[in-house]
Amino acid sequence: MSRYSIFSLIRHARTGHRDWPRAWRSPEPKPAYDVVIVGGGGHGLATAYYLAKEHGIANVAVLEKGWLGGGNTGRNTTVIRSNYLWDSSAALYEKSLQLFEGLSQELNFNVMLSQRGLVGLAHTQHDLREIARRVNAIRLNGIDSELLTPAQIKELVPIINISPTVRYPVIGGSIQRRGGVARHDAVAWGLARGADMRGVDIIENCAVTGIRREGGRVTGLETTRGAIATGKVGIAVAGHSSVLAAMAGFRLPIESHPLQALVSEPIKPIIDTVVMSGTVHVYVSQSDRGELVMGAGIDVFNSYAQRGSLPVIESMLAAAVELFPIFSRLKMMRKWGGIVDVCPDASPIIGLTPVDGLYLNCGWGTGGFKSTPGSGWVFAHTIATGAPHPLNAAFSLERFHSGALIDEHGAAAVAH
Ligand code: FAD
Ligand code: PYC
């Protein structure tokens with residue numbers, strides 16, 4: 001750890017920051033590993049980190065076809081919260097939020113967690129009832145959540161328009177005060193550095209092209225950098241989960257959709273909470289640089305193209321300007337898209353697959369950044385022990401046969 005102490009910061013400042021060591025090594029792939037994780041996003045990196053830290057399994061490779069965090073981890077809008085409806089979801093997302101609360105300390109890497117509060121808006125009686133039901137369920141699970149009146153929302157978010165005569169009147173809402181944002185790149189980089197320090201090989205520019213099996217068991221992977229033998233593989237490739245499952249000979253109930261986000265020019269601080277409206281498909285927070293970070297619901301078509309269509313952004317901005325009239329004079333600077341892995345019940349799949357030794361972590365849809373550490377924590381347990389942890393037992397692939405679905409469309413908030 002001493003490489004990253006305050007003294008090294010001062011030393012590097014004195015030399016013009018030209019001789020920083022790499023935060024993680026760039027090793028050649030070895031011919032064999034105990035465990036290989038496919039996907040160098042936050043979930044794959046967190047899994048490798050906790051495999052090494054919690055289970056003492058460090059002969060692990062993380063294979064990433066591009067660069068670390070170049071998928072949804074580096075494209076998301078960084079909202080974190082644990083305000084989900086069902087007990088199993090509440091427990092999993094709350095575990096993740098608690099891990100987030102200690103993550104900078106644990107990794108000795110500032111993930112810039114800002115628990116500025118997460119406000120959800122209701123525009124119809126149906127919204128309000130759904131939000132009230134969820135606030136009660138969340139509180140019964142011992143997680144913080146409060147109902148808000150329009151006047152309380154106005155007090156928290158002075159720039160919001162609460163006129164009753166607009167197209168989408170704000171008739172109430174909720175707040176999770178421990179919700180907020182964290183810096184997405186920092187989460188990936190901190191986990192990568194933590195895993196690397198414990199001996200994990202992080203291998204970028206290495207795409208998995210085939211999954212070797214014998215007698216129903218995984219035996220290795222084919223990659224663009226050669227074959228790798230292993231008895232355990234964890235897949236965490238978000239929007240490409242169906243592609244990897246096809247390589248292993250089974251199908252997933254996943255649809256891959258573009259999800260777009262955009263940022264404005266930087267301005268002075270005008271909003272110090274996160275505001276989300278599932279009904280009008282808009283959410284906004286202000287970044288440390290002053291940009292307004294906004295996003296929409298998914299584009300309804302399926303795609304792997306990492307970009308979406310203009311009409312979705314146009315209708316989202318129309319609603320945003322009505323809710324926040326002050327935005328009408330802002331210039332939007334950039335927009336981008338990621339491919340999200342959507343399950344029919346808007347809940348993830350974390351567990352075993354029909355192939356022995358092959359484990360799956362996917363289906364986080366529009367909302368998996370908040371679960372990065374929790375997901376890695378339970379997935380590492382599942383891979384290390386060969387059985388799910390109680391926190392992810394309900395999130396099995398098998399639930400699509402048994403019918404024990406976990407419908408979180410309301411809590412997902414971002415339409416999908
Ligand atoms: P990724 O970060 O996508 O990592 C998967 C990696 O697998 C990629 O880097 C990819 O290159 C790699 N890969 C794919 N195929 C292969 C292969 N064959 N071989 C090797 N590597 C491969 N969630 C929230 O909680 N809050 C938000 O505010 C939020 N906002 C979002 C906004 C947008 C615009 C988007 C797109 C998503 C948002 N999400 C949000 C969702 C969140 O980003 C994802 O659920 C989460 O980042 C998924 O992490 P991951 O590690 O599973 O996937
Ligand atoms: O899941 O909280 C979320 C979220 C916010 C923006 C996109 N997803």
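As a reminder, the structure under discussion sits directly above these lines.
Model, not experiment: these values are computed from the prediction.

Student: Before we move on, could you go through the environment of P373 and cite the residues and values that matter?
Tutor: Secondary-structure assignment places P373 in helix α9 (residues 372–385). According to the relative accessible area criterion, P373 is buried, its value standing at 0%. Taking the C-alpha atoms as reference points, P373 and L99, separated by 274 residues in sequence, lie 6.2 Å from one another. Residue contacts for P373: discarding those within four places in its chain leaves A46, Y50, S96, L99, F100 and L103.

Student: Tell me about the site of ligand 2, and name the residues and values.
Tutor: T77, V79, R81, M276, Y283, T366, G367, K370 and V414 make up every residue found near ligand 2. One nitrogen or oxygen atom from the main chain of T366 is found 2.8 Å from a nitrogen atom belonging to ligand 2. In the environment of ligand 2, an oxygen atom lies 2.6 Å from a nitrogen or oxygen atom belonging to the side chain of K370. Against a free-state accessible area of 240 Å², the protein chains account for coverage of 96% of ligand 2. The residue inventory of the shell around ligand 2, partitioned by class, reads four nonpolar, three polar and two charged.

Student: Provide a residue-level description of the packing of aromatic side chains, including the pertinent values.
Tutor: Tallied over the full model, the rule gives five aromatic pairs. Aromatic pair F100 and F369: ring centres 5.7 Å apart, planes at 55 degrees, arrangement tilted. In this pair, F100 sits in helix α3 (residues 87–107) while F369 sits in the loop between β19 (358–362) and α9, placing the two residues 269 residues apart along the sequence. Each member of the pair, F100 together with F369, is buried. Through successive ring pairs, a cluster of aromatic residues spans Y84, Y93 and W364. Lying across the ring of W377, K95 places its NZ or CZ 3.8 Å from the centre.

Student: Before we move on, could you go through the side chain of R134 and cite the residues and values that matter?
Tutor: Residue position: R134 is located in helix α4 (residues 125–140). Beyond its immediate chain neighbours, meaning those up to four positions away, R134 contacts N83, Y84, L85, G410 and A411.

Student: Any chance you could break down helix α8 (residues 310–323) for me, citing the residues and the numbers?
Tutor: Taking 1.5 Å of rise per residue, the 14 residues of α8 would be expected to cover 20 Å, and the 20 Å separating its terminal C-alpha atoms lies within 8% of that figure. On its buried face, α8 is in contact with β4 (118–122), β13 (255–264), β15 (282–286), β16 (292–298) and β17 (332–342).

Student: Describe the site of ligand 1, and please don't skip the residues or the numbers.
Tutor: Inspection of the region around ligand 1 gives 38 residues, with E64, N72, T73, T77 and G368 positioned closest. At a separation of 2.9 Å, an oxygen atom of ligand 1 approaches a polar backbone atom of V79. One of the backbone nitrogen or oxygen atoms of T366 is found 3.1 Å away from a nitrogen atom of ligand 1. Protein contact buries 95% of the 1,000 Å² of open area that ligand 1 shows by itself. Only α2 (42–55), β13 and β17 provide two or more residues apiece to the shell around ligand 1. By residue number, the principal contributor to the shell around ligand 1 is β13, which donates three residues. Partitioning the shell around ligand 1 into residue classes produces 16 nonpolar, 18 polar and four charged.

Student: Let's hear about the sheet that holds β15: which residues, and what values?
Tutor: The eight strands lie next to each other as β5-β6-β4-β14-β15-β16-β13-β17, forming an open sheet whose pairing is mixed. Two strands lie at the open edges of the sheet, namely β5 (146–148) and β17, each paired on one side alone. On average, adjacent strands in this sheet sit at an angle of 20 degrees to one another, irrespective of strand direction. Relative to β16, β13 runs antiparallel, the two being bridged by four bridges.

Student: Summarise the pairing of β13; cite the residues concerned and give the values.
Tutor: Taken across its ten residues, β13 has nine buried, putting it largely inside the fold. Across ten bridges, the pairing between β13 and β17 is antiparallel. Its bridge partner lying in β17, S256 is registered against D341.

Student: Help me get a handle on a nonpolar patch on the surface, residues and values and all.
Tutor: Residues I6, F7, L9, I10 and W20 make up a contiguous nonpolar surface patch of about 540 Å² in total accessible area. Relative to the helices and strands, I10 resides in helix α1 (residues 6–14).

Student: Break down the layout of surface pockets for me, citing the residues and quoting the values.
Tutor: In this structure, the second largest pocket encloses a volume near 490 Å³. Looking at the lining of the second largest pocket, the elements with two or more residues in it are α6 (184–197), β15 and β17. Its residues assigned to classes, the lining of the second largest pocket shows seven nonpolar, nine polar and seven charged.

How each quantity is defined
- Residues numbered from 1 in each chain as written.
- Chains lettered and ligands numbered in written order.
- Predicted model: local features only at pLDDT ≥ 70, side-chain atom pairs only at ≥ 80, totals over all residues.
- Heavy atoms only, no water.
- Helix = DSSP H or I, 4+ residues; strand = E, 2+ residues; numbered from the N terminus.
- Buried < 20%, exposed > 50% of the residue type's maximum accessible area, 1.4 Å probe, protein only.
- Contact = heavy atoms within 4.5 Å.
- Near = heavy atom within 4 Å.
- Polar contact = N/O pair within 3.5 Å; in protein donor to acceptor, adjacent residues only side chain to side chain.
- Areas by Shrake-Rupley, 256 points an atom, 1.4 Å probe, with all protein chains shown as cover.
- Nonpolar A, V, L, I, M, F, W, Y, C, P; charged D, E, K, R; others polar.
- Phe/Tyr/Trp six-rings, centres within 6.5 Å; stacked < 30°, edge-to-face > 60°.
- Lys NZ or Arg CZ within 6 Å of the ring centre and 35° of its normal.
- Expected span 1.5 Å × (residues − 1).
- Pairing = 2+ DSSP bridges.
- Axes fitted to C-alpha atoms, helices over the stretch in contact; angles between N-to-C directions.
- Patch = residues over 30% accessible without salt bridge, like charges linked within 9 Å, V, L, I, M, F, W, Y side chains within 5 Å.
- Salt bridge = Lys/Arg side-chain N within 4 Å of Asp/Glu carboxyl O.
- 1 Å grid on protein atoms, 1.4 Å probe; cavity = no way out; pocket = protein on both sides within 12 Å on 5 of 7 lines; lining within 4 Å.
- Points joined across faces, edges and corners; volume = space filled by probe spheres on them.

That is the geometry; function is a separate question.
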